[in-house]
Amino acid sequence: MDYKLPRGTEDFLPEVTTKREITSNLLRSIATDFGYHEIETPMFENLEVFSRTSGESSDIVTKEMYVFKDRGDRMMALRPEGTAGVVRAFVEHKLYATEELPYKVYYLQPAFRYERPQKGRYRQHTQFGLEAIGASLPENDAELILQIFHMYSSLGLQNFYFKLNCLGDDASRKKYVAELKKYFEPHLDELCEDCHARYEKNPLRILDCKVDCNKDFFKNAPKIGDFISEESKAKFQTITDYLEEYQVPYVLDPGLVRGLDYYSELVFEIYEKGHEDNGAIGAGGRYNSLVKELGGPDLPCVGFATGLERLIQALDDNHIFDQLDTGLIAYVMPLEKSVFQYAFNVAMHLRFNEIPTEFDYACRSLKAQFKSVDKKKAKFAILIGNTEMLASSVTIKNNETKEQKLIRVEDLVNFIMDELLKMQEAAEKEASHEGSCCCEEHADKDSCCCQDKCACDEHEHKEKDGCCHNGEHCECKHEK
Ligand code: HAM
């Protein structure tokens, strides 16, 4: 028997789980800042929850769902996406009667789709999603997009953009679909097999076809923009006005219809520039009929989900994790067997005081232990030999500055905490460029004559005139 990972799934080893943890912590924290609370729904639901909502003709329902019969003969499905389960829960708990609207929830959970595995496409993937139920205003749409923009930017992505489209309300979409059918009818022979089925069940999805989209007759197909109502147009305009105001990069894509049937009005996808082949890092839109569809009142909604694996791939492509801090603070190094127990106790003391600590159980050579200190990126090496033990002390070495000092064990925790604080303050100062003058002479920063009127490229006042020396005898080495 060959014990192998199922196709299209991944083992997340610690190096990756650290990235997942950092990424999801930030997503969660920003969701909270925007007033979202976490929701968890089951990993599987009655099949109908997904088949009714995603659309009978969608790829998800026709080809990708993991469907099974349970022992009670009920047809169940593993969750292919998060929205349907959230809406089912909202309706089932009658939250529309008790909760203030919009009801805003986020989730971070696995989703399952039987897709052909390739880069960025897995049979089990993880979705971080946001759903605002009972959110009717275009400002809700704009707010969601700004939040997504803020999330990706805060993670360090710089080259992503939104693709947007407006599908209009149900009535305009019906008119449009009728026109599409009329248009594609004479071309039926030229459409792929999937599009034949789409033609019958949901002609809109023909526009989404990756096989047919480059065929000549596609170019002249009717455009949704010619069918949507003035009201939809005005709402869409409000959204794009906000995006302009906040300088959110976007392009309009009249062919964007999305693979799930529940959307109306706004739909969007987010891509990394130059990495479009990896697929969308996130996507979403309005789903105004879904609550009603699942037995609740008529409540318009807007939401989005991002694939954690695709997002982390994008972060990796941008080297965001290259300088990743392992979080390890101390590496305790017993230098001889006779101090093993003493060193063990020091390691325990640090751990019990919430200082992440590794311990060298094998008492290896000094060289080997220092190699591990570097590899694990520990901030301090804690060296312990007989001298240290006899003095109830340790020698602590700062692995960056290489400074070392003998410290009594009883003072060790406070010493480390103080040092960490200093390191953090220095890092924050550097990150904020506070007082960081580029003058050669004023390397000590605070005494810079230019202060924040520095004429160098890196600071705010680039123009000569802003410099306190009027640019004529500025002491900056970047003088212009
Ligand atoms: P979706 O576009 O099907 O939308 O999936 C959302 C995101 O999940 C995608 O943009 C992608 O990043 C990721 N994703 C999807 N399938 C895979 C896969 N096989 N492997 C890796 N990542 C994948 C939805 O699911 C909607 N429920 C989003 C939404 C929420 N709309 C409104 N609210």
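These lines cover the structure that appears in this document, whether it is placed above or below. Numbers given to residues run from 1 along each chain, matching the order in which its sequence is written. This being a predicted model, a pLDDT of at least 70 is required before a residue's local features are given, and a value of 80 or more before pairs of side-chain atoms are given or counted; all residues contribute to the totals for chains, interfaces and linings. Side-chain metrics rest on all non-hydrogen atoms present in the structure, leaving aside hydrogens and water.

Okay, the overall build of the protein chain next. Each helix and strand in the protein chain was counted, giving 16 helices and 16 strands. To get the radius of gyration, use the C-alpha atoms; to get the globule rule, take the number of residues to the power 0.38 and multiply by 2.2 Å. Computed over C-alpha atoms, the radius of gyration of the protein chain comes to 29 Å, more than 25% over the 23 Å expected from 2.2 N^0.38 for 480 residues, which places it beyond the range of a compact globule. With the C-alpha coordinates aligned to their principal axes, the bounding extent of the protein chain is approximately 90 × 75 × 50 Å. Here the protein chain holds 480 residues, and 47% of them are scored as buried. Contacts were defined at the residue level, with two residues in contact if any of their heavy atoms lie within 4.5 Å. Restricting to contacts in the protein chain with at least 6 residues of sequence separation, those with at least 24 account for 66%. The Shrake-Rupley method, run with a 1.4 Å probe, gives the accessible areas here. Residue values count only the displayed protein chains as cover. Carbon together with sulfur atoms contributes 49% to the accessible area of the protein chain, which is approximately 25,700 Å² in total. Charge convention: Lys and Arg are scored as positive, Asp and Glu as negative, and His as well as the terminal groups of each chain are ignored. Where a charge lies is defined by one atom per residue type: Lys uses NZ, Arg uses CZ, Asp uses CG and Glu uses CD. For the protein chain, the centre of its 60 positive side-chain charges and the centre of its 85 negative side-chain charges are spaced 6 Å apart. A run of H or I in DSSP becomes a helix once it reaches four residues, and a run of E becomes a strand once it reaches two; helices and strands are each numbered from the N terminus. The cut-offs for exposure are 20% and 50% of the maximum accessible area for each residue type, with area from a 1.4 Å probe on protein chains only; residues under the lower value are buried, those over the upper are exposed, and the others partly exposed.

Any residue with at least one heavy atom within 4 Å of a molecule or strand is counted as near it. The environment of the ligand is formed by 25 residues, the closest being Glu-81, Glu-115, Glu-131, Arg-258 and Tyr-263. The contact in question runs from an oxygen atom of the ligand to an N or O atom on the side chain of Arg-113, over 2.9 Å. Whenever two N or O atoms come within 3.5 Å, that pair is a polar contact, provided that in protein one can donate a hydrogen and the other can accept it, and provided that, for residues adjacent in sequence, both atoms are side-chain atoms. One of the side-chain nitrogen or oxygen atoms of Glu-115 is found 2.6 Å away from a nitrogen atom of the ligand. Against a free-state accessible area of 650 Å², the protein chains account for coverage of 96% of the ligand. Every element with two or more residues in the shell around the ligand is listed here: β6 (124-133), β10 (282-286) and β11 (301-307). No other element matches the four residues that β11 contributes to the shell around the ligand.

The criterion is simple. A nonpolar core is a set of buried Ala, Val, Leu, Ile, Met, Phe, Trp, Tyr and Cys residues joined through side-chain atoms within 4.5 Å. Grouped together as the largest cluster of nonpolar side chains are 85 residues, with contacts concentrated most on Ile-133, Phe-184 and Phe-268. Per-element accounting of this core gives the leading share, seven residues, to helix α6 (residues 138-155). In terms of nonpolar packing, the next biggest core, distinct from the first, is built from 22 residues, Val-332, Ala-343, Leu-350 and Ile-355 among them.

Here the residue pair Leu-101 and Pro-102 is connected by a cis peptide bond, since its omega of -5° sits within 30 degrees of zero. Tracing the backbone shows Pro-102 in the loop between α5 (95-98) and β5 (103-112). With a phi close to 60°, Glu-354 is a non-glycine residue in the positive phi region. By the element assignment, Glu-354 lies in the loop between α13 (340-352) and β13 (357-359). When its relative accessible area of 74% is taken as the criterion, Glu-354 is described as exposed. Notably, Lys-402 is not glycine yet its phi reads approximately 70°, a positive angle. Turning to its location among the elements, Lys-402 is positioned in the loop between β15 (393-398) and β16 (404-408).

Let's shift gears to the packing of α6 against helix α10 (residues 230-245). When two helices pack together, their arrangement is given by the angle between the helix axes and by the axis-to-axis distance. Orientation of α6 relative to α10, taken along the N-to-C sense of each, is 35°, at an axis distance of 9 Å. The crossing of α6 and α10 is right-handed. For the pair formed by α6 and α10, the contact residues are Pro-138, Glu-139, Asp-141, Ala-142, Ile-145 and Leu-146 on the first element and Lys-235, Thr-238, Ile-239, Tyr-242 and Leu-243 on the second. A fitted line through C-alpha atoms represents every axis, and for helices the fit uses only the stretch in contact; the resulting angles, taken between N-to-C directions, go from 0 to 180 degrees. Each crossing is labelled by how the near helix is turned from the far one, with a counterclockwise turn of less than a right angle marking it left-handed and a clockwise turn marking it right-handed.

Right, let's talk about the sheet that holds β13 for a bit. Adjacent strands of a sheet form backbone hydrogen bonds with each other and so pair up, either parallel or antiparallel. Across the sheet, five strands lie side by side as β13-β12-β14-β15-β16; this open sheet has mixed pairing. Of all the strands in the sheet, the pair left with one neighbour each is β13 and β16. Averaged over neighbouring strand pairs, the angle between their axes works out to 25° when direction is ignored. Running over the sheet, α13 touches β12 (330-334), β13, β14 (380-384) and β15 and is turned about 165° from β13. Taken strand by strand, helix α16 (residues 409-431) contacts β14, β15 and β16, and its axis lies near 135° from that of β16. When DSSP finds at least two bridges between two strands, those strands are taken to pair.

Turning to the packing of aromatic side chains, a few remarks are in order. Paired rings are identified among Phe, Tyr and Trp, the last through its six-membered ring, by centres lying within 6.5 Å, and are further divided according to the angle between planes into stacked (under 30 degrees), edge-to-face (over 60) and tilted (the rest). Enumeration according to the criterion identifies 22 aromatic pairs in this entry. Both rings, one in Phe-90 and one in Tyr-103, keep their centres 5.4 Å apart while their planes meet at 40°; by these two values the pair is tilted. Residue Phe-90 is found in helix α4 (residues 83-92), and its partner Tyr-103 is found in strand β5; the two are separated by 13 residues along the sequence. We classify Tyr-103 as buried; its relative accessible area is 16%. Arranged with centres 5.9 Å apart and planes meeting at 80°, the rings of Phe-344 and Phe-359 form a pair that is edge-to-face. With Phe-344 in helix α13 and Phe-359 in strand β13, this pair connects stretches of sequence that are 15 residues apart. We classify Phe-359 as buried; its relative accessible area is 3%. Joined through ring pairs, the aromatic side chains of Phe-149, Tyr-152, Phe-160, Phe-162, Phe-268 and Phe-304 make up one cluster. Positioned above the aromatic ring of Phe-12 is the side chain of Arg-20, whose terminal nitrogen or guanidinium carbon lies 3.6 Å from the ring centre. Here, a charge over a ring is recorded when the distance from Lys NZ or Arg CZ to the ring centre is within 6 Å and its angle to the ring normal is within 35 degrees. Its guanidinium or amino end placed over the ring of Tyr-271, Lys-163 lies 4.5 Å from that ring's centre, counting from NZ or CZ.

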